[in-house]
Amino acid sequence: MLKKSTIIPVAEAVVDIAKRRELFFSKTRDLLKSELLNADGTGRIPQFNAPWREPLWCLAALYTGSSEDIALANKVVANYIKAPAVQSEKMKESSGHQFGIFQSNTLAYLLHQFGHLMTGDALETARFHCNMLFSTRHGSAQIEYIFQGVNDNMPMMSTYGLILGGEAMGNEQAVKHGLWKLHQFRRHLSRCAWASEYNSSTYTAVTLAGAARIASFAHDEEIRQLALEIEQRL
């Protein structure tokens, strides 16, 4: 049982989380600019060139930084619409003008949160990928990305892409589809108690972060509450 002295008030916890997030973002910005990205938004190492997913994962740090950081983030995003496909022994990435479960959904989140900071070229890229992920044939709405107790991180990415991308693009049907998927995951958790990758230090975090994005940023109160319950369960 916790002693009273060890309980942190909610307000203090929120402030502490915000401070730790900004410290992490600050260190990330320093690393991106000193070792990983060139001034034109290309990578100093292959994995930080489009269409690899890693640069997009880091852009929240840049978009919450200085005007120079925001300009760099926009250059990174703008590069994605013209990037050729990448093939290596370890990974095959879709080209920058094809749907990618990691890239396209991350761009939907970035558009939802930081679209007001994007340049015309960056907006074109983000909107292009949003429109692709709404597809039921080769996008986040396709049947492969439903919650069925296998590889749940990908259905969660597709879910936040549909909801946040749908809100950003004014696509009501995409938002409804995303809400339906959230209910599917809730039912899965009621049956099985855990996500399929509960013991993965990589993919549990991807699933958890997706639920947190919806719970934090979705416009609809019902959607935020449902995502928060899923986040708490995970």
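Just above, that's the structure.
The structure reproduced in this document is the subject of the present report. Predicted model, so just to flag it, every value in this text is computed and none were measured.

On a plain count of helices and strands, the protein chain comes out with 10 helices and two strands. Start at the N end of the protein chain and walk to the C end: the helices and strands fall as α-α-α-α-β-β-α-α-α-α-α-α. Residues classed as buried in the protein chain amount to 46% of the 234 residues present. When contacts within the protein chain are restricted to residue pairs at least 6 apart in sequence, those whose partners lie at least 24 apart make up 63%. As displayed, the protein chain offers around 12,500 Å² of accessible surface, 56% of which is attributable to carbon and sulfur atoms. Distance between charge centroids for the protein chain: 3 Å, based on 24 positive and 23 negative side chains.

What follows concerns the packing of helix H6 (residues 120–133) against helix H7 (residues 153–169). Following both chains from N to C, one finds H6 and H7 inclined at 125°, their axes separated by 10 Å at the closest point. The orientation of H6 relative to H7 falls into the category oblique. Of the two possible hands of crossing, H6 and H7 adopt the one that is left-handed. Contacts between H6 and H7 involve Arg127, Cys130, Asn131 and Leu133 from the former and Gly161, Leu162, Gly165 and Met169 from the latter. A per-class count over the contact of H6 with H7 returns four nonpolar, three polar and one charged.

Moving on, we come to the side chain of Thr125. Relative to the assigned elements, Thr125 resides in helix H6. Beyond its immediate sequence surroundings of up to four residues, Thr125 is in contact with Val77, Ala78, Tyr80, Ile81 and Leu107.

Turning our eyes to something else, we now look at unusual backbone geometry. Along the chain, Ala50 connects to Pro51 via a cis peptide bond; the corresponding omega equals 10°. When you line up the elements, Pro51 lands in the loop between helix H1 (10–36) and helix H2 (54–57). You will see that Ala193, though not glycine, has its phi angle at about 80°, which is positive. By the secondary structure assignment, Ala193 is in the loop between helix H8 (172–192) and helix H9 (203–217).

This part takes up the pattern of salt bridges. According to the stated counting rule, one finds eight salt bridges in the structure shown. For Arg29, the salt bridge goes to Asp69, with nearest N and O atoms at 3.8 Å. One end of the pair, Arg29, is in helix H1; the other, Asp69, is in helix H4 (residues 67–79), and 40 residues separate them in sequence. Take Arg29 and Asp69: they sit in the same class, and that class is buried. Taken together, the shared-partner salt bridges connect Glu22, Arg29, Lys33 and Asp69 into one network.

For the rest of this paragraph, the subject is the nonpolar core. Leu59, Tyr63, Leu110 and Ile214 are the most contacted members of the largest nonpolar core, which has 62 residues in total. Setting aside residues up to four positions removed in sequence, Ile214 forms contacts with Met156, Thr159, Tyr160, Ile163, Leu182, Ile223, Arg224 and Ala227.

Time to look at the packing of aromatic side chains. By the definition in use, this model includes five aromatic pairs. A centroid spacing of 6.4 Å and a plane angle of 50° characterise the contact between Phe24 and Phe25, whose relative ring orientation is tilted. For Phe25, a relative accessible area of 16% translates into the label buried. Centroid distance Tyr63 to Phe114: 5.1 Å. Interplanar angle 10°. Geometry classified as stacked. On the criterion of sequence distance, the pair formed by Tyr63 in helix H3 (residues 59–63) and Phe114 in helix H5 (residues 103–114) is long-range, its members being 51 residues apart. Each member of the pair, Tyr63 as well as Phe114, is classed as buried. Within the aromatic cluster, the residues linked to one another by ring pairs are Tyr63, Tyr109, Phe114 and Phe217. Looking at Arg213, its charged tip hangs above the ring of Tyr109, at a distance of 3.9 Å from the centre.

Before going further, it helps to spend a moment on the environment of Thr106. Structurally, Thr106 is set in helix H5. Under the relative-accessibility criterion, Thr106 is labelled buried at 1%. Residues Thr106 and Asp152, 46 residues apart in the sequence, show an inter-C-alpha distance of 16 Å. Excluding its chain neighbours within four sequence positions, the residues that come into contact with Thr106 are Leu56, Trp57 and Tyr160. There is a polar contact of 2.6 Å between the side chain of Thr106 and the backbone oxygen of Phe102.

Calculation notes
- Every residue gets a number counted from 1 within its own chain, in the order that chain's sequence is written.
- Predicted model: local features are reported for residues with pLDDT of at least 70 only, side-chain atom pairs are reported and counted for 80 or more only, and whole-chain, interface and lining totals are derived from all residues.
- The basis for every side-chain value is the complete set of heavy atoms in the structure, and neither hydrogens nor water enter the calculation.
- For the purposes of this entry, the term helix denotes a DSSP run of H or I that reaches at least four residues, the term strand denotes a run of E that reaches at least two, and both are numbered from the N terminus.
- Relative accessibility under 20% of the residue-type maximum defines a buried residue, over 50% an exposed one, and the middle range a partly exposed one, all with a 1.4 Å probe and only protein chains included.
- Should any heavy atoms of two residues lie within 4.5 Å, those residues are counted as being in contact.
- Residue exposure ignores everything except the shown protein chains as possible cover, and the areas themselves are Shrake-Rupley values with a 1.4 Å probe.
- For the charge count, each Lys or Arg is scored as positive and each Asp or Glu as negative, with His and the chain ends excluded.
- Every charge is mapped to an atom, namely NZ of Lys, CZ of Arg, CG of Asp or CD of Glu.
- Here, axes are lines fitted to C-alpha atoms. For helices the fit covers the stretch in contact, and angles between N-to-C directions go from 0 to 180 degrees.
- If an angle is under 35 degrees, it is roughly parallel; if it is over 145, roughly antiparallel; if it lies from 65 to 115, roughly perpendicular; otherwise it is oblique.
- Handedness of a crossing follows from how the near helix is turned relative to the far one, being left-handed for an anticlockwise turn of less than a right angle and right-handed for a clockwise one.
- Only Asp, Glu, Lys and Arg are considered charged in this grouping, and only Ala, Val, Leu, Ile, Met, Phe, Trp, Tyr, Cys and Pro are considered nonpolar; every other residue, Gly among them, is considered polar.
- Salt bridges are defined as contacts in which a side-chain nitrogen from Lys or Arg sits within 4 Å of a carboxyl oxygen from Asp or Glu.
- Residues belong to a common nonpolar core when they are buried Ala, Val, Leu, Ile, Met, Phe, Trp, Tyr or Cys residues joined through side-chain atoms within 4.5 Å.
- When the centres of two rings from Phe, Tyr and Trp lie within 6.5 Å, Trp using its six-membered ring, the rings pair. Their planes under 30 degrees apart give stacked, over 60 give edge-to-face, and anything left gives tilted.
- Think of it as a cone above the ring: NZ of Lys or CZ of Arg counts as a charge over the ring if it is within 6 Å of the ring centre and within 35 degrees of the ring normal.
- Throughout this description, a polar contact denotes any pair of N or O atoms lying within 3.5 Å of each other; where both atoms belong to protein, one of them has to be capable of donating a hydrogen while the other can accept it, and for residues adjacent in sequence the pair is counted only when both atoms sit in side chains.

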